[in-house]
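# Structural features, examined
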Amino acid sequence: MIRKKGAYLTYEAGSADEPSMQLQTEGWLLLKGVFDQDQVETLKHEINEVFDTVPPDQRGPDPKAWDMFRYEMLNRSAACQAAVAARGILDVIEPLLGEDCHVIANTAWRNPPAQAGQHAGQAWHIDAGPHIPLAEDMVWPADIPHPVFAIGTHIYLLPCDMQDGPTGVIPGSHLSGTAPPRERMMDDDLTWQGVGVHPLLAEPGDVGFFVSDLWHRRMPTQDGDRGRFFLQVHYGRRDIAQRIRPTDAVNHLSEQAIARAQSEREKTVIGLHPRLFYDG
């Protein structure tokens, strides 16, 4: 697995525990009971307080969705800051990302219950990349561990069952080197190499993990949907920039440099990027 020695990352065979190995090979993992009841209640209280006192972050194109999210939660809640450093999470991801990996995005999700008959699911997507793009006829070599650059986690604060529209993942699809096919973005029966969707069914205190390149989505809600409530934390290798705040709010640029950049490419080349995954 990945270890930091001096300034450089190195690979060590056979040095990771089973959860890390599953995350590397299958692209997903669900750990039970990482947080106890008291920790869950503290997180719920502090996150609800942020929702009640902090106006919605105006990120993304749809204002109707703004109220379901609050960003940069480690800046707004001591409990959230403590949660992102939980050893139960870091012990799983550090063998894949390195001991100096860091939080690149930190968003609270509070999805309200869907109305009866409403399809509140998402389209299939990946969160970044693919970091190693492959042609459709290419296959990642089985004897070479696929590198992991970013990992998303969900710290569950409410039960999440099938009726609630759980996160569905397609195991192994992070090895495809491609995004999900555009013509099948809402296909409940999507597969990769014959493997279909696996729902992450969770209880409060559980943590779901998925590699950023993995095909995943919120599955359709069903009658009896109770909504979803979880703290999302994305971790990246040290070399991947943080996205806790968008680049138009936090950057390394002078006012003069920003003013000189006119075209979209002139803006992106100096680090002013449009908001996408992780940014909201």
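Residues numbered from 1 in each chain as written. Predicted model: local features only at pLDDT ≥ 70, side-chain atom pairs only at ≥ 80, totals over all residues. Heavy atoms only, no water.

## Quick notes on the sheet that holds strand E9 (residues 207–211)
Reading across the sheet, the six strands line up as E3-E9-E6-E11-E5-E4 and stay open at both edges, with antiparallel pairing between neighbours. Edge strands, defined here as strands with exactly one partner in the open sheet, are strand E3 (28–31) and strand E4 (69–70). Alignment of E4 against strand E5 (residues 102–111), held across two bridges, turns out to be antiparallel. The residue of E5 that forms the bridge with Phe69 is Trp109. Against the sheet, helix H1 (residues 18–26) engages E3, strand E6 (150–156) and E9, with an angle of about 150° to E3. Against the sheet, helix H2 (residues 37–53) makes contact with E4, E5, E6 and strand E11 (228–236), and its axis sits at roughly 80° relative to E5, the strand it touches most. (Pairing = 2+ DSSP bridges. Helix = DSSP H or I, 4+ residues; strand = E, 2+ residues; numbered from the N terminus. Contact = heavy atoms within 4.5 Å. Axes fitted to C-alpha atoms, helices over the stretch in contact; angles between N-to-C directions.)

## Section: the pattern of salt bridges
Tallying each qualifying case throughout the model produces 15 salt bridges. Among the salt bridges present, the one from Glu72 reaches Arg245, with a minimum N-O distance of 3.1 Å. In this pair, Glu72 is assigned in the loop between E4 and helix H4 (73–76) and Arg245 in the loop between E11 and helix H7 (255–260), connecting sequence segments 173 residues apart. The exposure class assigned to Glu72 is buried, which follows from its relative accessible area of 10%. Among the salt bridges present, the one from Arg87 reaches Asp91, with a minimum N-O distance of 2.6 Å. Taken as a pair, Arg87 and Asp91 lie in helix H6 (residues 87–97) at a separation of four residues, close to a single helical turn. The exposure class assigned to Arg87 is partly exposed, which follows from its relative accessible area of 43%. (Salt bridge = Lys/Arg side-chain N within 4 Å of Asp/Glu carboxyl O. Buried < 20%, exposed > 50% of the residue type's maximum accessible area, 1.4 Å probe, protein only.)

## So, H6
Of all the eleven residues making up H6, eight are buried; the element is thus mostly covered by neighbouring parts of the structure. Regarding H6, the residues found buried are Ile89, Leu90, Val92, Ile93, Glu94, Pro95, Leu96 and Leu97. One or two steps after H6, the chain reaches Gly98, where phi turns positive at roughly 105°.

## Quick notes on the packing of H1 against H6
Relative to each other, H1 and H6 sit at 55°, their axes nearing to 8 Å. What the angle tells us is that H1 and H6 run oblique. For the crossing formed where H1 meets H6, the hand is right-handed. Only Asp91, Val92, Ile93, Pro95 and Leu96 of H6 make contact with H1, whose side of the interface consists of Pro19, Ser20, Leu23 and Gln24. Its residues placed into classes, the contact of H1 with H6 shows six nonpolar, two polar and one charged. (Parallel < 35°, antiparallel > 145°, perpendicular 65-115°, else oblique. Left-handed = near helix turned anticlockwise from the far one by under 90°. Nonpolar A, V, L, I, M, F, W, Y, C, P; charged D, E, K, R; others polar.)

## Topic: the sheet that holds strand E7 (residues 167–169)
The antiparallel open sheet is built from three strands, whose spatial order is E8-E7-E10. Edge positions in the sheet fall to strand E8 (198–199) and strand E10 (216–218), since each of these pairs with one other strand and no more. In terms of strand pairing, E7 meets E8 through two bridges, oriented antiparallel. Each bridged residue has a counterpart across the sheet, and for Val169 the counterpart in E8 is His198.

## Focus on the side chain of His174
Looking at where His174 falls in the secondary structure, it is placed in the loop between E7 and E8. At 2.8 Å, the side chain of His174 forms a polar contact with the backbone oxygen of Gln24. Among all residues touching His174, those that are not within four sequence positions of it are Leu23, Gln24, Thr25, Glu26, Gly27, His146, Val211, Asp213 and Leu214. (Polar contact = N/O pair within 3.5 Å; in protein donor to acceptor, adjacent residues only side chain to side chain.)

## With respect to the pairing of strand E1 (residues 2–5)
As paired elements, E1 and strand E2 (residues 8–11) share four bridges and run antiparallel to each other. Bridge pairing links Lys4 to Leu9 in E2. Two successive antiparallel strands, E1 and E2, enclose a turn made up of two residues, where Gly6 displays a positive phi of approximately 65°.

## Structural notes on the environment of Ala179
By secondary structure assignment, the location of Ala179 is in the loop between E7 and E8. Judged by relative accessible area, which is 40%, Ala179 ranks as partly exposed. As for Ala179 and Pro133, which are separated by 46 residues in sequence, their C-alpha atoms are 8.9 Å apart. Each residue touching Ala179, except ones within four places of it in the same chain, is listed here: Ile126, Pro130 and Trp215.

## A closer look at unusual backbone geometry
Note that the residue after Gly129, namely Pro130, is joined by a cis bond; omega there is 0°. Position of Pro130 relative to the elements: it lies in the loop between E5 and E6. Residue Glu72 is not a glycine yet carries a positive backbone phi of 40°. Unlike most non-glycine residues, Tyr278 shows phi in positive territory, near 80°. With respect to the helices, strands and loops of the structure, Tyr278 is situated in the segment after helix H8 (264–269). The class for Tyr278 is buried, based on a relative accessible area of 10%.

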